[in-house]
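# Analysis of the macromolecular model
So the chains spell out like this:
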Amino acid sequence: METGLEGRRALVLGASKGLGFGIAQGLAAEGARVAIASRTLEGSKAAADKIGPTVFPYVCDTGKTAEVDTLAEDVVKALGGIDILILNSGGPPPGKAQGVSSEQWRNSFESMFVNLVRLADHLLPGMIERKFGRIISVISSGVIQPIPNLAISNAIRPALVGWGKTLASEVAASGVTVNAIAPGRIATDRLKQLDAANAERTNRDVATVEAAARAAIPAGRYGDIAEFAAAAVFLASDKASFMTGSILRVDGGQISAT
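Residues numbered from 1 in each chain as written. Predicted model: local features only at pLDDT ≥ 70, side-chain atom pairs only at ≥ 80, totals over all residues. Heavy atoms only, no water.

## Examining the nonpolar core
Residues Leu11, Leu71, Leu85, Leu87, Leu119, Ile135 and Trp163 are the most contacted members of the largest nonpolar core, which totals 39 residues. For this core, the elements supplying multiple residues, two or more each, are β2 (33–38), α3 (65–79), β4 (84–87), α4 (102–130), α5 (151–171) and β6 (176–183). Broken down by element, this core gets its largest block of residues, nine residues, from α4. Look past the residues within four positions of Leu71 in its chain and what remains in contact with it is Leu11, Leu13, Ala37, Tyr58, Cys60 and Leu119. Core analysis: the next-biggest nonpolar cluster, separate from the first, contains 32 residues, Ala232, Val233, Ala236 and Ala240 among them. (Core = buried A, V, L, I, M, F, W, Y, C linked by side-chain atoms within 4.5 Å. Buried < 20%, exposed > 50% of the residue type's maximum accessible area, 1.4 Å probe, protein only. Helix = DSSP H or I, 4+ residues; strand = E, 2+ residues; numbered from the N terminus. Contact = heavy atoms within 4.5 Å.)

Here is the structure:
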């Protein structure tokens with residue numbers, strides 16, 4: 001499939017590993033120039049070295065407003081603008097809805113919503129002016145069907161969906177699409193951490209937790225990072241120009257809610 005991504009400029013957050021790394025790798029493979037950001041420059045540089053010469057490393061902790069502002073300024077200066085923005089923030093700590101401190105709520109909302117929107121606001125004027133843009137939020141299946149023991153994620157990520165759906169209507173006539181991707185159980189380090197936490201919480205071994213999780217997925221397995229990344233590459237492509245305001249599920253059929 002011809003994606004039309006050759007020469008496009010992308011910025012991928014949380015790209016030193018996992019889903020962000022996979023998306024950056026997929027975009028670069030289609031000929032895009034890709035700026036990647038993570039909490040440490042060392043992590044971004046290591047990821048860039050693995051992907052190839054058209055990938056440029058930056059540092060950004062989305063919990064720090066100054067770093068978000070600096071990132072926006074630096075990538076525009078270096079690449080001349082951003083056509084594709086992948087909003088991929090780190091997941092919050094697992095836990096119940098009860099007993100979360102107000103400070104934790106505020107910090108999580110800042111890093112998982114406020115500063116992602118701030119970054120998009122920095123880059124949107126250029127997209128609108130050029131009559132092309134893609135904003136893709138990596139969310140969670142918990143937006144559609146809340147996940148036990150992930151209360152913070154279940155509560156905050158829907159805000160990004162509501163913002164994106166509203167924005168999609170505002171910028172569609174300017175050639176800018178705004179979509180979200182909801183991963184199911186994709187085989188990442190984050191999923192390993194969650195499985196381990198679930199095993200400890202339920203007094204089971206990790207293998208038992210993983211087996212039960214796989215049994216609940218109609219496809220019968222965890223997804224691969226490359227499979228998830230392919231969905232993001234499609235949404236970024238010219239072929240997806242009529243898709244906006246949507247949530248694309250990559251979950252092996254696991255999410256039963258509508």
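## Some words on α3
Look at α3: 21 Å from first C-alpha to last across 15 residues, which is about the 21 Å you get at 1.5 Å a residue. Here α3 has its buried residues at Val68, Leu71, Ala72, Val75 and Leu79. The arc that holds the buried residues of α3, viewed along the axis, is 95 degrees, so those residues lie on one side. Along α3, exposed side chains directed more than 90 degrees from the buried face belong to Ala66 and Lys77. Here the buried face of α3 lies against β1 (9–12), β2, β3 (55–59) and α4. At the C-terminal side of α3, Gly80 shows a positive phi close to 85 degrees. (Expected span 1.5 Å × (residues − 1). Arc of directions from axis to C-beta.)

## Side note on the packing of aromatic side chains
All chains considered together, the criterion is met by one aromatic pair. Here the basic side chain of Arg214 rests over the ring of Tyr222, its NZ or CZ set 4.4 Å away from the ring centre. (Phe/Tyr/Trp six-rings, centres within 6.5 Å; stacked < 30°, edge-to-face > 60°. Lys NZ or Arg CZ within 6 Å of the ring centre and 35° of its normal.)

## A look at the pattern of salt bridges
Tallied over the entire structure, the rule returns seven salt bridges. Asp238 is the salt-bridge partner of Arg8, the closest N and O atoms lying 3.6 Å from each other. Taken as a pair, Arg8 in the segment before β1 and Asp238 in the loop between α8 (225–236) and β7 (247–250) lie far apart in primary sequence, 230 residues in all. With a closest N to O distance of 2.2 Å, Asp195 and Arg185 form a salt bridge. Here the residue Asp195 occupies a position in helix α6 (residues 189–202), and Arg185 occupies one in the loop between β6 and α6, the gap between them amounting to ten residues. (Salt bridge = Lys/Arg side-chain N within 4 Å of Asp/Glu carboxyl O.)

## Some words on α6
Given a rise of 1.5 Å per residue, 14 residues ought to cover 20 Å, and the 20 Å separating the end C-alpha atoms of α6 matches this to within 8%. If you follow the buried residues of α6, they end up packed against α7 (206–215). Where α6 terminates, the next one or two residues include Asn203, which has phi positive at roughly 60 degrees.

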